[in-house]
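The primary structure of each chain is shown beneath.
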2 protein chains.
Amino acid sequence: MLNRLCLLRRSLTSTRTFHQTAFTLAFNSSKKKLRIPFSPTMSAISDSDILGRLSKLSISHPDVLKHEAVAGGDAWKGQLEKVGKGSVALTKTLLFKPKTAKSAAPTPVLVLAAESTQTPSGALGTLLNLKELRLASEDLIKEVLPSSSSKDDVSPLPLPSPIPSTLHVILDSLVANSTAEHALHLTSSSSTILLRGVDVKAYLESLVQGETGVRVVDFEELKSKAPEPVKKEAKKEPAAPVGTAKPQTVKKDDDVYEMAIQYKKEEDFPGWYTDVLIKGQMLDYYDISGCYILRPWSYTIWQTIQNWFDDEIKKLGVQDCYFPMFVSKARLEKEKDHIEGFAPEVAWVTKAGKSDLEEHIAIRPTSETVMYPYYAKWIQSHRDLPLKLNQWNSVVRWEFKNPQPFLRTREFLWQEGHTAFLYKSEAEQEVLDILDLYRRVYTDLLAVPVIPGKKSENEKFAGADYTTTVEGFISTTGRGIQGATSHHLGQNFSKMFDITVESPDSKQVDGKDSRVPVFQNSWGLSTRTLGVMVMVHGDDQGLVLPPRVAMQQVVIVPVGLSKSEGKNQTIYDECLKLERTLIAAGVRAKADLRDGYTPGWKFNDWEMRGVPLRLELGPRDIASNSTLAVRRFDNNKSSMPLADIATTVRTFLDDIQAEMLARATAKFDSHLINVTKWEDVVPTLDAKNVLVLPWCEGPKCEDEIKERSKSQANKGQQEDAKAPSAGAKSLCIPFGQERFGPFPDGEEQKCIQCGEKAKSWTMFGRSY
Amino acid sequence: MLNRLCLLRRSLTSTRTFHQTAFTLAFNSSKKKLRIPFSPTMSAISDSDILGRLSKLSISHPDVLKHEAVAGGDAWKGQLEKVGKGSVALTKTLLFKPKTAKSAAPTPVLVLAAESTQTPSGALGTLLNLKELRLASEDLIKEVLPSSSSKDDVSPLPLPSPIPSTLHVILDSLVANSTAEHALHLTSSSSTILLRGVDVKAYLESLVQGETGVRVVDFEELKSKAPEPVKKEAKKEPAAPVGTAKPQTVKKDDDVYEMAIQYKKEEDFPGWYTDVLIKGQMLDYYDISGCYILRPWSYTIWQTIQNWFDDEIKKLGVQDCYFPMFVSKARLEKEKDHIEGFAPEVAWVTKAGKSDLEEHIAIRPTSETVMYPYYAKWIQSHRDLPLKLNQWNSVVRWEFKNPQPFLRTREFLWQEGHTAFLYKSEAEQEVLDILDLYRRVYTDLLAVPVIPGKKSENEKFAGADYTTTVEGFISTTGRGIQGATSHHLGQNFSKMFDITVESPDSKQVDGKDSRVPVFQNSWGLSTRTLGVMVMVHGDDQGLVLPPRVAMQQVVIVPVGLSKSEGKNQTIYDECLKLERTLIAAGVRAKADLRDGYTPGWKFNDWEMRGVPLRLELGPRDIASNSTLAVRRFDNNKSSMPLADIATTVRTFLDDIQAEMLARATAKFDSHLINVTKWEDVVPTLDAKNVLVLPWCEGPKCEDEIKERSKSQANKGQQEDAKAPSAGAKSLCIPFGQERFGPFPDGEEQKCIQCGEKAKSWTMFGRSY
């Protein structure tokens, strides 16, 4: 199980520091110690450099204003009033430093916000998964912005290009989305330039490369995300506003709703992903970094997957069970090689109440060492085989990399199957049977195309003879993503844990022990599935859910409402009648009769949440005995007769399911590119494709391909598999080789890297 | 939620020490410190005292042998050979001391075993949940056995009567079940008495009172229960036997099977319970104390409960979700009163990998403080109500009392529902709706009768306005057991967590805040259900499972087999055909065609595992187109025609389900005794009944009833709710008061304790 982890470990050289609970933010005093500098190589940017950049971007602006040096907003406003610009919106630029490990370089956070915006460091830390954000020292300011000589001079304009990826750049949405002029300093507090908010955003974005990006943050919304520390005071005794009027304050009682997804999927994929998950009500942030709340909207999808998969494995004779979440240290560490991969991220319980435990107890990161000692006990005879157990549980891996909802979380839900067989052939058949179920979870339930295949030697699970996988693809980033893995463990664990039986086929010779170790498999599928589904189908309007798994498949919205209540009752009644009809036919339908919301607001709301089909019902529809059906995934609208509506709706839902899969499959296919010449490798990768290479399957050769395929910009940098310039690793050796056609050179085909004989078309790519 | 815990806390004054992982056994060196003596009040028992006891028990024996003092088996054997008794089975008596807290009295373990039996202290410690068992010092030996002057003199015969409950007495099953003579010392190693094994058992049992009992242990089986440390060596290089031949050695390859439950339910209920769970394959022990493995046989029952209950609550509009298992310290401790009950048993994660976490993180003991901050965030308007969330998860409570499978475990599975409403009346209705679902889980699924009612003020959940409960009954011990609880929390938590909405009914006056806190419920049902089911239905043959939840409802066993294989094939084919027919009709049936086992062995095996219906199929049955049906729960046998067998079997299963409930209900009812005179209270309790008392419902009065109803023997001792002499606490105020008839004194009825006006018939009893 858990290639994913082994792989992550290899790239665990991030400069990011250990992120802990977000709520420790404000209370620790900083310690004196030798500090690692931010970046020793940056040079100062001058005013004229900045003006040059603006002109290159065709950003027009009034002349730069020169005035007395100012410290703070009031002085600045005073200076601007002198030149008749007293009404211009002021900005503030803040540099925060999160707490970092002694040995790590700082990862500062630069915030450009409207003067009046509150920028709570606690909530910001939570958002970024950084710990104990504080205003940076003047020393650090000078490292980040060598042209600034004091904190009063700080401005984002003289940032270097490219901005180092270790600097987080945050832009207040009030500035980013504004076409009004905002005042910013150039390189010192004695000069001011007036730029439109949207131009500030464009300017900053021109300085960053790839996905690091400028993050636009709605601070009002951010504050509301951190329920505890802020809320009570805020409601009972509103804090005195720091600056001037707050134009977008969300008042709790107003039912004001953040209507739209704030990011474009193609422009800011990480921002988009988070926003869609939160606003689509799939999950919520939690006050412990790397842990998330699965709200019913996502958990129900997981339940659907559970129910389907559980039924299928029971048909294969697998039984469910539950092993404790705790593992004793001795057990966990019994198998050194196996645990080596997990050890750095094992969470340890060392106390109960006020008592220190004498032996520390681990929370399982996976269950091989938990379960297999009992397999040795339960499997006494070949008659006890096959033993096929599965459990639905949560496991904990205290990862220190930036967490990502569903994809990389410290606790996650999954199933883990662990099976034992007398014969290798039975075990190998099961590996494929399970893999095919995983494929069907993706294609049949989630409408996500995946390609089944075998992992390379480098990428297989350390304890396995071999690993099979279903590989998905996120077209927005051009990266592959591992969907689920099914491992054949051979006799590796059974020898280690002494899981042996007297073979019915062998005879005992001279009393000699003729026991044979069993053959084992393990296989796992996690809530990562949900993340892949969101990434593949979601769009700029929000989630797009496949009908088969959507908690709510159809929403019925009353339209054409009159101000006179009596008339509307008929519409409401028809909506409820339609809801009843559909529910009776097994369709998960809901009539949205909430008062106080316009139909447009409701359309938006349900689009954001990804409900597959919207039925609009108004007086004209009722008169014509029809309803307007709008499909979420392609916004296709059609009139649908109310007669036999249940059948029609079910057909629609089936069609949507099939078309979603077809669309995503076409996209994946169009990005699977056969490449046989090395010079095409990096350009093809950079065009966000998955490469299909003729390959010798050699581990050393794979390392070389990875190194050689890094984009020039990334050479010599610390490896980050997430960077758009990272090298390509093998995703899988697909089982259906024929889909890629014959090798151009037939039997003589050479490996694209080493020139040895190629064994297979293999998928290579950047990946999650 | 979780009255259970609050209650347990009150009696957490046990002298038992902190039991930790069982695998720390052998490695810690003991520390010098002031030792608390075992029991300072014991006086020496003489040889003639012992002979007097034997005669009182009518145990006959040859004359006592006097010889030279002996140290060890060989010397003893030598002395016995001199008097022609060299072939008598020797015994050994060992006294172990577990590690105990500084402030606790020792809880030693006395073992009487056959000389040849290996008595591994590690496995014994695991069994008893005691830590680091070591041979006791001479000092301790003299405290426990004042008549012994050295370790060579040790014998169980001069134990005091009654044996203090802090001494564990363990008897080797090889001795206990033997009718052969065994040699024991009297009070010194220079005298020997020969007693039959069964008489030794009877003698020891005469010294103990109540449930503490003498525990009979099969050491061979015990060793096999501790898979890791023993197994490998045992298999590869059998250790040299310590004494003489081991008559009952279980060889792994022989498919030797521990056929019977070793304890009688009525005689040794705790031993029986554990044995039935292990041999019935419901669970297995785990190497961390208080944690158990739920094997498919039990987990599937839990899944059946889950599926049924989840469907029902979804009909009520409840949605499932998942919150993280971790809670930050700040969150957990936000509400002091709430957490006070849980704090002593919270497990803390303080390390990840090799890093110490700066803030310790708790594993949830329950989720109020985890969830409610988000309720405050999600519930912005009355339109967001009701909010009804449920989660299926595991929680951890690091209890320091002796764990008990299903009933008191450190990690357990449950569901916890948390709901919020605008109106109190809605919330109160739900409390009862859920309670009725809990009732149905017990009666409809598990065939276990429960009585719904309200908890007294003393017994309600601390955070609740009131707690409702379904109360079960274990007739073997005469104790009540709480089945599940549904709490109305009122506005207690919503005020604390600021979960408020603008009421649609109230108008804002002069801008004054007219927000109202919501009304909340919480309700939970755990895997404790499985323990109750086993205790209620199981018998001396093993588990008895209700058909509705049994993983396997029917077993088909081929009988009348011939030695000639050809003839048997017909029978096997008929068995498989019958299996297919039943499965096709939705019956969970299995044909047991395992070779190498006799039909009798299979009968036993499936009886032990509690399969509700056995169908025997042999040549004569086939000839008469019928099968012999044997019902597990009452052993009722009948011939069943094979024509339309599926319908017949389904009817049988329904009948069994109904009759199991009826039988258990009749038993519960017959032990529910209305008592109106105080002098009847203790005798009725001692006869293993639940009291139904006219009661004033006053908290102080409840304490007085508890104190006053303790049996004389228990007065002044530390309270142990499990002791058969414990006082009675209130179980519930049943909702169906009319079933208990009118008060004898009608309106004038006085409370049985305080003489104030009685408000209700209330169930009082000893309880789990």
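Refer to the structure presented above.
Report follows, based on the coordinates. (Residues numbered from 1 in each chain as written. Chains lettered and ligands numbered in written order. Predicted model: local features only at pLDDT ≥ 70, side-chain atom pairs only at ≥ 80, totals over all residues. Heavy atoms only, no water.)

1. Focus on unusual backbone geometry
All names here are of chain A. With an omega of -10°, the peptide bond between L385 and P386 qualifies as cis. For P386, the location among the structural elements is in the loop between α14 (368–378) and β15 (387–396). With a phi close to 70°, F406 is a non-glycine residue in the positive phi region. Summarising the element assignment, F406 is placed in the loop between β15 and β16 (411–421). We classify F406 as buried; its relative accessible area is 5%. (Helix = DSSP H or I, 4+ residues; strand = E, 2+ residues; numbered from the N terminus. Buried < 20%, exposed > 50% of the residue type's maximum accessible area, 1.4 Å probe, protein only.)

2. Some words on the interface of chain A and chain B
Each partner contributes to the interface: chain A provides 96 residues, whereas chain B provides 96 residues. The junction of chain A with chain B conceals about 8100 Å² of combined surface from both sides, 53% of it contributed by carbon and sulfur atoms. Where chain A packs against chain B, one counts 6 salt bridges. Residue R383(B) pairs with D595(A) through a salt bridge whose shortest N-O separation is 3.3 Å. Along the contact surface separating chain A from chain B lie 31 residue pairs in polar contact (both at pLDDT 80 or more). With 8 residues, the single largest contributor to the side of chain A that touches chain B is strand β14 (residues 355–363) of chain A. For the side of chain A that touches chain B, a count of residues per class yields 44 nonpolar, 18 polar and 34 charged. Bridging between strand β13 (residues 347–352) of chain A and strand β13 (residues 347–352) of chain B involves 5 bridges; their strand directions are antiparallel. Along β13(B), the bridge assignment pairs A347(A) with A352(B). (Contact = heavy atoms within 4.5 Å. Buried area = accessible area lost by both parts, 1.4 Å probe. Salt bridge = Lys/Arg side-chain N within 4 Å of Asp/Glu carboxyl O. Polar contact = N/O pair within 3.5 Å; in protein donor to acceptor, adjacent residues only side chain to side chain. Nonpolar A, V, L, I, M, F, W, Y, C, P; charged D, E, K, R; others polar. Pairing = 2+ DSSP bridges.)

3. Focus: the packing of helix α11 (residues 296–315) of chain B against helix α15 (residues 424–445) of chain B
Residue and element names in this part refer to chain B. At their nearest, the axes of α11 and α15 sit 11 Å apart, and the two run at 145° to each other. Crossing angle aside, the handedness with which α11 passes α15 is right-handed. In this structure, α11 uses T304, I305, W308, F309, E312 and I313 to contact α15, whose residues at the interface are I434, L437, Y438, R440, V441 and L445. Its residues assigned to classes, the contact of α11 with α15 shows 9 nonpolar, 1 polar and 2 charged. (Axes fitted to C-alpha atoms, helices over the stretch in contact; angles between N-to-C directions. Left-handed = near helix turned anticlockwise from the far one by under 90°.)

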